[in-house]
Every structure is written in structure tokens, then in C-alpha cells.
Amino acid sequence: TAAFNLSGSKPALAGASVCQRAPSGAGTKASVGLDKAISSRAAENPIGSAVWQKVPRPTGHAPSLSGPACAAPDSRLNSLLQMTSPAPLYPHRHLLGIEGLSHLDIEALLDRAEDYVSLSRQVEKKTTALRGRTQINLFFEPSTRTQASFELAGKRLGADVMNMSVAFSSVKKGETLIDTAATLSAMRPDIIVVRHHAAGAVNLLARKVGCSVINAGDGAHEHPTQALLDALTIRRNKGRIQGLTVAICGDILHSRVARSNIILLNALGAKVRLIAPSTLMPAGVERMGVEVYRDMREGLKGVDIVMMLRLQLERMNGAFVPSSKEYFRYFGLDRDKLSLAAPDALVMHPGPMNRGVEISSEVADGAQSLIREQVEMGVAVRMAVLDALAQHLPNV
Ligand code: NCD
């Protein structure tokens, strides 16, 4: 059952909770289990399991600050306003998704991340933006690179970082997400980074704690820092995002990476193609402003970026592909299929890779691959996000 339909009225919290304005007061207590909360209180937690049923419209380009929509009638007043209330780098208290961010929000984070790429390449990699702050990484799903990346990012900014992974936590003893959140909240963290297997869990948690929350991946919903690091990697290699054609290929249906990337790339003016077998293509996804291809050779023609996705076997109930050998033959990226893309096309993958299933080793390790660089950009982007949220933390 879909939490809401494609054309129906806007659910109470969709979008709104994605980018709450800061600050909004202290957290509240609750004692409901997440599963119950998600299934029985759809109005409170509208994301639910049917994430692709809720197709956000691409935001496109917001009017530029220098454009007529924002031009102040009195330029003296304008400069006074700028002096007394400088625009914050990023005006939101949380980062729960790319949905709801403007292209200015996104570009501000990418610009800030550039500084942190330089810093991370120095011998002395530390700064003090998060000095005295506590960051908790709360991971309900296994993760290597994302958790390590958030940990390094927090430490490079001077925060005390605590990793809490569910395998060793009270959640194994039956504690609910909300109880865990309330317990952690009482320890007065400043920022909680959350990964959870259920779509909507991070939005729910953000409403129950008093600190800033970053979504490190929730079910098949969103993975905003992955989309930001992908955008940074593309921008550094191509010099721009606007006007590029990006093909996202593979298991779109189960992918939060695809969803966040579609929203971000559309907001920044890229053309997005999705390439997948019908079983792995969400119904109605055309409404997100993408071109849909079911044939890899057709879809790859002339593209600038090929973004491969992992087959998310852990999210599949039943067989979505006949066999991984057959999948590779039709949808795996090898040299032959890559030759159909633009001659200077670049290849990306969020990792972890299934070599020989969605991508050949030759391509993954080849000259057109940006996969290692994506990992480096991940740390810089997470530093930028943590830094941006820290600007909204109370100082007293
Ligand atoms: C992605 C994720 O977890 O959604 N990986 C990651 O963040 N490193 C993609 C994936 O798991 O395939």
C-alpha cells in the first residue's frame, strides 16, 4: 500500500521535514516502535516503503540572486541587509535529503567542499569548525566507506566522534529506534549521522531529537551526501554539471543513490537518463524528469557520465534478474558498451562494487574511472555538510 499516491494531496510532512529551518527547539519523547510508526502512522511518516510512488518534481534552476526576482528596489537597503544579516552558507538545520534543497544550497555545499579537498591533501588536515562538538554516527545497516568517511570528516573538523553500530547496541536487545534516539539525545550530541534500512526512519528520528541530523542513507529513499559527492566529482572533472548527459544504470528500483542523484542532477541542469531492465525500473519514474531506457547500448549513446549501481540483492524479495551472468551480459558495463558513450565519458560507482556483475574490473580500474576519486570527495563533502550544520548549533 502506497503511503500516498502520485497525484493526491501533499502528505503532511513530505518536503517540509526534509529541510526544516533552524532552530526548532528541543526534542520530544516517544515510545513507539519504528515499524509501527511507519505502518500505522503514514500521515506522520509519509515516506514509508513506497518511495518511488512519491515522485518529486525536479526543482530546476531557482532564479539567480542577481536576477530580477531577487533584486531589491533600494540598493542601499540591500547592502544594509547584507551587512546586518549575511546569508548563511546553508539555511537548514538538518540534511535529510536532496529533495527540498535549492540549487544555491547545493552549490554552496559543493563550493565549501572544494576547500576541504585542499585541506585533506595537506599534511595538517585538521581545523576547528566542530571543536567542542559531539558527533554520533548511528548506523543500523552495515557500512564501511560511508561510516569511515563521516568519522574522518568529523575528526578533521575537531569534533568528538562516537560510532554506534547496531550490531553491538541495545537495538539487538529489542530497543526501538525512538528509544535509542531519546537515549542518545540525552547524552547531548550536537549532530547525529543516521543510516537505517527503512525509508523515512531518519526523518522520523530528526523530529524526536534536539540536535542536527544527517541522513547517511534510509532504505531506498535518499542518500544525500552520496549525491553531493558525486556532483563534486563530476564538477571537478568536467568543469560543470549543467548541460551534461548522465546515465544512471542498473538497480534503480532499490537505489537511494539513484533517487538523490536524479533530484540533484535535475536541480543543477544536467540531463538524466535511467537505464535498467523493466523489473528494476520504478513505475512512473519519467515524472521525475528523466529519460528511460531498457536497452543499455541505446541508453549509453553519447553520454558524458556513466553512473553504475550495485545490484541490491539484500533489498530484493524474489528474483528480479534471471542470473548475474545474464545481467552482466545485458546491463554490465564493459569496455565494449562503454565505447558507445562519448569518447571522454567518465565512469562512476558509489561502491561497494560487484565486479563482473554490474561492472567489469577492466572498466572499474580503467583510465575513465572516477571511483577512487569519489571516495576522496566523500570526506570533503561530509566535512562541508557538518560545517554547514554546525553554523546553526547553539553557542550557549
Ligand atoms: C550505497 C548505499 O549504501 O546506498 N553505498 C554507499 O553509500 N557506500 C550504494 C550501495 O550500497 O550499493
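What counts, and at which threshold
Residues numbered from 1 in each chain as written. Predicted model: local features only at pLDDT ≥ 70, side-chain atom pairs only at ≥ 80, totals over all residues. Heavy atoms only, no water. Buried < 20%, exposed > 50% of the residue type's maximum accessible area, 1.4 Å probe, protein only. Helix = DSSP H or I, 4+ residues; strand = E, 2+ residues; numbered from the N terminus. Pairing = 2+ DSSP bridges. Right-handed = clockwise from strand over helix to strand, strands pointing away. Axes fitted to C-alpha atoms, helices over the stretch in contact; angles between N-to-C directions. Contact = heavy atoms within 4.5 Å. Phe/Tyr/Trp six-rings, centres within 6.5 Å; stacked < 30°, edge-to-face > 60°. Lys NZ or Arg CZ within 6 Å of the ring centre and 35° of its normal. Core = buried A, V, L, I, M, F, W, Y, C linked by side-chain atoms within 4.5 Å.

Side note on the pairing of strand β6 (residues 271-275)
Here's step 1: Of all five residues making up β6, four are buried, and the element is well covered by its neighbours.
Here's step 2: Judged from the five bridges that link them, strand β5 (residues 245-249) and β6 form a sheet pairing that is parallel. Within the sheet, the bridge partner assigned to T245 lies in β6 and is K271.
Here's step 3: Since β5 and β6 lie parallel, the crossover through helix α8 (residues 256-267) that links them has a hand, and here it is right-handed.
Here's step 4: Alignment of β6 against strand β7 (residues 291-293), held across three bridges, turns out to be parallel. From the neighbouring strand, L274 faces β7, where its bridge partner is V292.

What about the sheet that holds β5?
Here's step 1: Read across the sheet, five strands follow the order β7-β6-β5-β8-β9 without closing on themselves; strand pairing throughout is parallel. Each of the sheet's edge strands pairs with one partner strand only, and the pair in question is β7 and β9 (346-348). Direction aside, neighbouring strands of the sheet carry axes that sit 20 degrees apart on average.
Here's step 2: Contacts from α8 reach β5, β6 and β8 (305-308) within the one sheet, and its direction differs from that of β5 by about 170 degrees.

Here we look at the packing of aromatic side chains
Here's step 1: Using the criterion set out here, one finds one aromatic pair in the structure.
Here's step 2: Aromatic side chains Y327 and F331 sit 5.9 Å apart centroid to centroid with 25 degrees between the ring planes, which places their arrangement in the stacked category. With Y327 and F331 both in helix α10 (residues 324-331) and four residues apart, the pair spans about one turn of that helix. With respect to class, Y327 is no different from F331; both count as buried.
Here's step 3: The aromatic ring of F328 is capped on one face by K337, whose charged end is 5.7 Å from the ring centroid.

A look at the nonpolar core
Here's step 1: In terms of nonpolar packing, the biggest core is built from 99 residues, with L228, I248 and L333 touching the most fellow members.
Here's step 2: The dominant element in this core, judged by the number of residues it contributes, is helix α13 (residues 371-390), at 12 residues.
Here's step 3: Residues in contact with L228, not counting those within four places in the same chain, are L95, I98, I106, L109, L110, L264, V381 and V385.
Here's step 4: Ranked by size, the runner-up nonpolar core spans 21 residues in total, among them V166, L177, V202 and C211.

Here's the deal with the sheet that holds strand β4 (residues 212-218)
Here's step 1: The four strands are arranged β2-β1-β3-β4 in an open sheet whose pairing can be described as parallel. Only two strands of the sheet have a single neighbouring strand rather than two, namely β2 (160-165) and β4. Strand after strand, the sheet turns through a mean of 15 degrees between neighbouring axes, direction not considered.
Here's step 2: Sheet analysis places strand β3 (residues 191-196) next to β4, joined by five bridges and oriented parallel. Note that in β4 the partner of I192 across the bridge is V213.

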